[in-house]
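Analysis of the macromolecular model
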Amino acid sequence: MSTRFTVLTGGVGGAKLVDGLTRILPPHSLTAIVNTGDDFRHFGLPISPDIDTLLYTLSGQSNQELGWGREGETWNFMAVLRSLGEEDWFNLGDGDLALHILRGAALAAGDSLSVITARFAKAWGLPLSVLPMSDDSVATWVATDEGLLPFQRYFVEHRCAPKVQMVRFEGSAEAQPAPGVISAIMACEAVFIAPSNPWLSVDPLLSIAAIRTALEETRAPVVAVSPLITGKAVKGPTAKLMAELGLDVTNAAIAYHYGDWLDGLVVHSEDDAPDTLAIARTNTLMISPDDRERVARAAMDLAAQLTR
Ligand code: GDP
């Protein structure tokens, strides 16, 4: 049997670890299960931000400067949109539009999100399987001091400024994992949880009962990489949200949030670490390809030491 590994991931932060893992693993031995709680329709187009971030990052097309979207993107569509007086809070690049238009047409023709995603990954020659967490709709909603907001309104339009009171995932009780998701967790050497936002990017996956059960029941060790570096998020609202939810901004709080199914945690250099699970330490800031490899290797090495 070929050796297989699985990673659960959100967008930008997670994609860096996924990239590192593909650099140290044989081609086609990794499956990435991706958050779709951020997915939404905009001007009728189905947008899957985390899937697309992964596709761009793994195919070397991600925009390093912006930290999201495509390298060398042009913005003619947005300029025309603005000239027509339409809402411009969500940026859609000209090249990026191709994915949303093709995805929309394929969904309308009856293809599932997982089939469409696999087609994109194959077209760009990606050396891994990219699976949406579900082909069913699960939508992240954020209850804030400014009211209940759909995820993208909170994240992009309001730039995460409102104070978060609660996060919920509409549709998760009925959603089934996409084909291949459960077997990828059950039949692998190790499961990794990328350093994505635990509450906004990983929890949508965990809100699907069958995925959480698989993490509890798999014989593979489960190892997370912490998104915190010296008590701060590298990017985005993780630390702010933890504080707003009344939590200590610590690795211990993240390990506690994930629960007993988490066997190991990779933390940054000298950062705090809980004594309730196995810990590995390295510089977890991933800027260069070498950084990504180093963090991926730390997670692999920790998983190799663990049994269930
Ligand atoms: P989004 O869905 O695009 O917002 O991205 P994710 O949820 O996947 O990633 C956001 C999280 O990734 C934040 O909590 C960041 O702290 C974390 N992150 C981003 N870059 C790095 C990095 O280089 N190292 C570590 N350890 N975490 C990172």
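Keep in mind that what you see is a predicted model, and the values were worked out from it rather than measured. (Residues numbered from 1 in each chain as written. Predicted model: local features only at pLDDT ≥ 70, side-chain atom pairs only at ≥ 80, totals over all residues. Heavy atoms only, no water.)

**Here's the deal with helix H2 (residues 49–58)**
The line we're drawing: Three labels apply to residues, based on accessible area from a 1.4 Å probe with only protein chains included: buried if under 20% of the type maximum, exposed if over 50%, partly exposed otherwise in between. By definition, any uninterrupted DSSP run of H or I lasting at least four residues is a helix, any uninterrupted run of E lasting at least two residues is a strand, and each is numbered from the N terminus.
Of all the ten residues making up H2, ten are buried; the element is thus mostly covered by neighbouring parts of the structure. Buried within H2 are the following residues: Pro49, Asp50, Ile51, Asp52, Thr53, Leu54, Leu55, Tyr56, Thr57 and Leu58. Gly60 sits one or two positions beyond H2 and adopts a positive phi of about 70°.

**Focus: the packing of aromatic side chains**
Stated formally: By convention, a stacked pair of Phe, Tyr or Trp rings (six-membered ring in the case of Trp) has centres within 6.5 Å and planes under 30 degrees apart, an edge-to-face pair has planes over 60 apart, and any other such pair is tilted.
Summed over the entire model, instances satisfying the criterion amount to eight aromatic pairs. With a centroid separation of 6.2 Å and an interplanar angle of 40°, the aromatic rings of Phe40 and Trp89 are classed as tilted. Placement of Phe40 in strand S3 (residues 40–42) and of Trp89 in the loop between helix H3 (76–83) and helix H4 (94–108) is noted, with a sequence separation of 49 residues between them. Each member of the pair, Phe40 as well as Trp89, carries the same accessibility label: buried. Ring geometry for Trp68 and Trp75: centres 6.0 Å apart, planes at 65°, overall edge-to-face. By relative accessible area, which is 36% here, Trp68 ends up partly exposed. In this structure Trp75 comes out as partly exposed when scored by relative accessible area, which is 31%. One aromatic cluster in this structure is built from Phe40, Trp89 and Phe90.

**A short note on the side chain of Ser201**
As for its placement among the helices and strands, Ser201 is situated in helix H8 (residues 198–206). When its relative accessible area of 10% is taken as the criterion, Ser201 is described as buried.

**Here's the deal with the site of the ligand**
Counted only if it meets this: Here a residue is near a molecule or strand as soon as one of its heavy atoms is found within 4 Å of it. Residues adjacent in sequence count toward polar contacts only when both atoms are side-chain atoms; beyond that, a polar contact is any pair of N or O atoms within 3.5 Å, and within protein one must be able to donate a hydrogen and the other to accept it. Accessible areas in this description were obtained via Shrake-Rupley with a 1.4 Å probe; residue shielding takes into account the shown protein chains only. Throughout this entry, Asp, Glu, Lys and Arg are counted as charged residues, while Ala, Val, Leu, Ile, Met, Phe, Trp, Tyr, Cys and Pro are counted as nonpolar. The remaining residues, Gly among them, count as polar.
Taken together, 21 residues surround the ligand, and among them Ser196, Ser201, Thr238, Thr284 and Met286 come closest. Separating an oxygen atom of the ligand from a backbone N or O atom of Gly13 is a distance of 3.2 Å. Contact between the ligand and Thr284: a nitrogen atom at 2.7 Å from a main-chain N or O atom of the residue. Computed on the free molecule, the ligand has an accessible area of 590 Å², of which 94% lies beneath the protein chains in the complex. Considering each element in turn, the shell around the ligand owes the most residues, four residues, to helix H1 (residues 12–24). Along the lines of polarity and charge, the residues of the shell around the ligand split into eight nonpolar, ten polar and three charged.

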